Amino acid sequence: RNHKKSAEKKTPLIEVVDLFCGIGGLSYGLKSQGLKIKAGYDLDYTCEYAYHHNNDAEFRSEDIRKVTAEEINNTYSKGAIRVLAGCAPCQPFSSYAFKNKNKDPNKYSLLDEFGRLVEEVQPDIVTMENVPQILKFKLEHVFQRFVETLERNEYNVSYKVVFCPDYGIPQTRKRLVLLASKKGKIELIPPTHTAEDYVTVKDVIGGLPALEAGERDPNDALHKARALTPLNLQRIKATPANGSWTDWPKELQLKCHKRKSGKTFGSVYGRMDWNKPAPTMTTQCTGLGNGRFGHPEQNRAISLREAALIQTFPRNYRFFIDEKSVSTTLASRYIGNAVPPKLGEIIGKSIKQHLKQCEEHDGKL
């Protein structure tokens, strides 16, 4: 018993507060690595059930601008290694937003609020995840400001654009991952996969029961596919394996496809490839016309369950209290906006490896 006590003393608890937590993809991944999730903050109160149920942590529906350092500091236990994590909503920085002239300036300040809380809370470790476009974003250099805030507060900072298949995530999503620590140099662990062994669409959804468009699996409320209009049903039937609208006969093509500019949307209405990672899951990923979201063989768009598995949510992740009345719109938003839990797991491993190196270097933490 005494021996156990001394072992516990050696490894202090790593505790996490997750800002902009959504339904908890990042928290869940960190938790899988033994980090203790203390609380998640998000303005979307509908995320509470999924966040709390799957992460066994308090959900706080508060505006980040009103959150105080005192509130966050009181959440951590005495003596714990304090991690402040978050993914400031990325819509303002996404490719789509670059084309949208009516930008909401308030959303850009969310990363500044994250910076303010880092400065006031002074956590041991910070991790931030976002879209790579944030690196190019010139609006008062929001990302550079965040990095400067960290450096001014004596954090070692590293960041890189991650190609998700390199870490066993079955979709071609690219994410910017930043890690910062007061304790020494910290960086993401090296890739775990190469192009030879990427996890494919078939690996994750190949074994699910077949569905027709508009059908739902009686044994799994999330395995349901949106209904298609007769015209869209003809279109998916005319789409061969790995194909898209470019394979359709002229009469099925949309007007916009026939214009020159239509050529830039080559993957719209496309089928996924069984033997490759899926495209990036978005909040629109269960709609056929929103990208390459057609099932590789069946005549429909992917189901909510398929989207969740491609995002690396485990089968037992609960999204709603009553799984029988699943809102497709809400579930698509939850899944598309989430940090893939597998990426959270990689970040958790990186934090643990960093702390172990610090411990070896200092002989103590």
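Each chain has its residues counted from 1, running along the sequence as written. At least 70 in pLDDT is required for a residue's local features to be given in this predicted model, at least 80 for side-chain atom pairs to be given and counted, and no such filter applies to totals for whole chains, interfaces and linings, which use all residues. With hydrogens and water excluded, all non-hydrogen atoms of the structure serve as input to the side-chain values.

**Student:** With reference to specific residues and values, describe the pairing of strand S5 (residues 125-130).
**Tutor:** Buried, partly exposed and exposed residues are distinguished by accessible area as a fraction of the type maximum, computed with a 1.4 Å probe on protein chains only: under 20%, between the cut-offs, and over 50%, respectively. Each helix is a run of DSSP H or I of at least 4 residues and each strand a run of E of at least 2, with the numbering of both proceeding from the N terminus. For S5, a buried count of six out of six residues is recorded, marking the element as mostly surrounded by other parts of the structure. A two-sided burial pattern is seen for S5, the buried positions comprising Ile125, Thr127 and Glu129 on one face and Val126, Met128 and Asn130 on the other. Strands qualify as paired when DSSP identifies two bridges or more between them. One ladder, built from four bridges, connects strand S4 (residues 81-86) with S5; its direction is parallel. From the neighbouring strand, leucine 84 faces S5, where its bridge partner is valine 126. Bridge count for S5 against strand S7 (residues 174-181) is six bridges, and the pairing is antiparallel. Across the sheet, methionine 128 pairs through a bridge with leucine 178, a residue of S7.

**Student:** If you had to explain the packing of helix H2 (residues 25-32) against helix H13 (residues 341-362) to someone new, which residues and values would you point to?
**Tutor:** Contact pair H2 / H13: the axes reach a minimum separation of 7 Å and the direction vectors enclose 45°. Considered as vectors, H2 and H13 are oriented oblique to each other. The hand of the H2/H13 crossing is right-handed. Contact with H2, carried on its side by Gly25, Leu26, Tyr28, Gly29, Leu30 and Ser32, involves Pro341, Gly344, Glu345, Ile347, Gly348 and Ile351 of H13 and no other residues of that element. Charged means Asp, Glu, Lys or Arg here, nonpolar means Ala, Val, Leu, Ile, Met, Phe, Trp, Tyr, Cys or Pro, and polar covers whatever is left, Gly included. Here the residues of the contact of H2 with H13 are counted per class, giving six nonpolar, five polar and one charged. For helices, the axis comes from a line fit to the C-alpha atoms of the stretch in contact; other axes are also lines fit to C-alpha atoms, and the angle between any two N-to-C directions lies between 0 and 180 degrees. These descriptions rest on fixed angle ranges, namely under 35 degrees for roughly parallel, over 145 for roughly antiparallel, 65 to 115 for roughly perpendicular, and the rest for oblique. Take the far helix as your reference; a near helix turned counterclockwise from it by less than a right angle gives a left-handed crossing, and one turned clockwise gives a right-handed crossing. Residue contacts follow a heavy-atom distance rule, with two residues in contact if any of their heavy atoms lie within 4.5 Å.

**Student:** Can you tell me about the packing of aromatic side chains, naming the residues and giving the values?
**Tutor:** Geometry of an aromatic ring pair is reported as the spacing of the ring centres plus the angle between the planes. We call Phe, Tyr and Trp rings a pair once their centres come within 6.5 Å, taking the six-membered ring for Trp, and we label the pair stacked below 30 degrees between planes, edge-to-face above 60, and tilted otherwise. Scanning the entire structure with this criterion turns up ten aromatic pairs. Between tyrosine 28 and tyrosine 317, the ring centres sit 5.0 Å apart and the planes meet at 75°, which makes this aromatic pair edge-to-face. In this pair, tyrosine 28 is assigned in helix H2 and tyrosine 317 in the loop between helix H11 (304-310) and helix H12 (328-337), connecting sequence segments 289 residues apart. Given the relative accessible area of 1%, tyrosine 317 is considered buried. Between the aromatic rings of phenylalanine 114 and phenylalanine 146, the centroid separation amounts to 5.1 Å while the plane-to-plane angle is 55°, which identifies the pairing as tilted. Here the residue phenylalanine 114 occupies a position in helix H6 (residues 105-121), and phenylalanine 146 occupies one in helix H7 (residues 142-152), the gap between them amounting to 32 residues. Of the residues examined, phenylalanine 114 reaches a relative accessible area of 0% and is grouped as buried. For phenylalanine 146, a relative accessible area of 3% gives the class buried.

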